[in-house]
Amino acid sequence: EGSLYFPGTANAYISLNSSTGTPLQFNWWTIANGGFTIDAWVNYQTFTNAASGSNQPALIGRMETNTAGNDWSFGALTTGAVSFFYYNPGNTTLYNVTTTQLMSTGTWNHIAVSVDVSTNPPTIRVFLNGQISGSSAQIQNYAGMTIATQPLMLIGQFNKLPINAYVTNLRI
């Protein structure tokens, strides 16, 4: 099987592009109209640089490599908590859904975020090792929203902060 190793050094990240070479568009509020889940097995070697500021994780997201532009991101915070960060383009509000439990460094953890639109209001749930550890019902209807082709869909670095972690079975 194996895993990807992100060594915590600058520019050691993955940028996902479409088959035409343009940045892959994964506007979370568009996808949320049908619901989605992101999950991965992660083994953080350190939580230093795991997030930009106190609330924007750098594992995976639609974010900038060298600036603070971020539409959404998912992964660990510098505390070891797991968080889904998202920006509401409708009212320019930033939101986080964060676990109450913490991960430890040097050990494998399964993390997931699920957006469930079958509930009213829709719900975001964040899981750590199979247990719901954070949830929110702050999703709004984003029908018709558009954003520019940037930022990119990235794995492993946000705002010049490269993560130091092993990652396997990352799925959207």
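Please read all numbers here as calculations on a predicted model, not as lab measurements. (Residues numbered from 1 in each chain as written. Predicted model: local features only at pLDDT ≥ 70, side-chain atom pairs only at ≥ 80, totals over all residues. Heavy atoms only, no water.)

Attention now goes to the overall build of the protein chain. Helix and strand counts for the protein chain come out as one helix and 16 strands. Per-residue burial over the protein chain gives 47% buried out of 172 residues. (Helix = DSSP H or I, 4+ residues; strand = E, 2+ residues; numbered from the N terminus. Buried < 20%, exposed > 50% of the residue type's maximum accessible area, 1.4 Å probe, protein only.)

Summed over all chains, the structure comprises one salt bridge. The partner of D39 in a salt bridge is R171, with the nearest N and O atoms 2.8 Å apart. With a gap of 132 residues between them, D39 in strand β3 (residues 36–46) and R171 in strand β16 (residues 164–171) connect regions that are remote in the sequence. (Salt bridge = Lys/Arg side-chain N within 4 Å of Asp/Glu carboxyl O.)

Once that is clear, we can look at the side chain of T168. You can see T168 is positioned in strand β16. What makes T168 buried here is its relative accessible area of 14%. Ignoring any residue separated from it by four or fewer positions in sequence, one finds T168 in contact with G2, S3, A40, W41 and W108. (Contact = heavy atoms within 4.5 Å.)

The description of two aromatic rings rests on the distance between their centres and on the angle between their planes. As enumerated under the stated definition, the model contains three aromatic pairs in all. A centroid spacing of 5.4 Å and a plane angle of 40° characterise the contact between Y44 and F47, whose relative ring orientation is tilted. Comparing Y44 with F47 shows no difference in burial state: the two are buried. (Phe/Tyr/Trp six-rings, centres within 6.5 Å; stacked < 30°, edge-to-face > 60°.)

Another aspect to go through is unusual backbone geometry. The backbone phi angle of N49 is positive, close to 70°, even though this residue is not glycine. By the secondary structure assignment, N49 is in the loop between β3 and β4 (51–52). Its identity as a non-glycine residue notwithstanding, N169 has a phi of 55°, on the positive side. Within the fold, N169 resides in strand β16.

It is worth spelling out the sheet that holds β3 at this point. If you trace the six strands from one edge of the open sheet to the other, you get β1-β16-β3-β10-β11-β12, paired in antiparallel fashion. Of all strands in the sheet, those with a lone pairing partner are β1 (4–7) and β12 (131–136), marking the two edges. Neighbouring strand axes in the sheet, compared pairwise and without regard to direction, differ in orientation by 25° on average. (Pairing = 2+ DSSP bridges. Axes fitted to C-alpha atoms, helices over the stretch in contact; angles between N-to-C directions.)

What follows deals with the nonpolar core. By size, the foremost hydrophobic cluster in this structure holds 32 residues, and its most contacted members are Y44, F74, F84 and M103. Every element with two or more residues in this core is listed here: β3, β7 (70–76), β8 (82–88), β9 (93–98), β10 (109–116), β11 (123–128), β13 (152–155) and β16. Ranked by residue count, the leading element in this core is β3, at five residues. Beyond its immediate sequence surroundings of up to four residues, F74 is in contact with I38, P57, L59, I60, V82, S83, F84, I111, A112, V113 and V126. (Core = buried A, V, L, I, M, F, W, Y, C linked by side-chain atoms within 4.5 Å.)

For the rest of this paragraph, the subject is the confidence of the model for the protein chain. Residue-level pLDDT values for the protein chain average 78, and 71% of them are 70 or greater. Throughout residues 141–149 the model reports pLDDT below 50, and contacts reaching past four residues in sequence, or to other chains, amount to 18 contacts. (pLDDT = per-residue confidence, 0-100.)

Right, let's get into the environment of P7. Among the secondary structure elements, P7 is positioned in strand β1. A relative accessible area of 33% places P7 in the partly exposed class. When residues no more than four places from it in sequence are discounted, the contact partners of P7 are A12, I163 and N164.

Looking now at the side chain of H110. Within the secondary structure, H110 is located in strand β10. At 2.9 Å, the side chain of H110 and the side chain of D39 are in polar contact. If we skip the residues at most four places from it in the chain, H110 touches D39, A40, W41, F127, L128 and N129. (Polar contact = N/O pair within 3.5 Å; in protein donor to acceptor, adjacent residues only side chain to side chain.)

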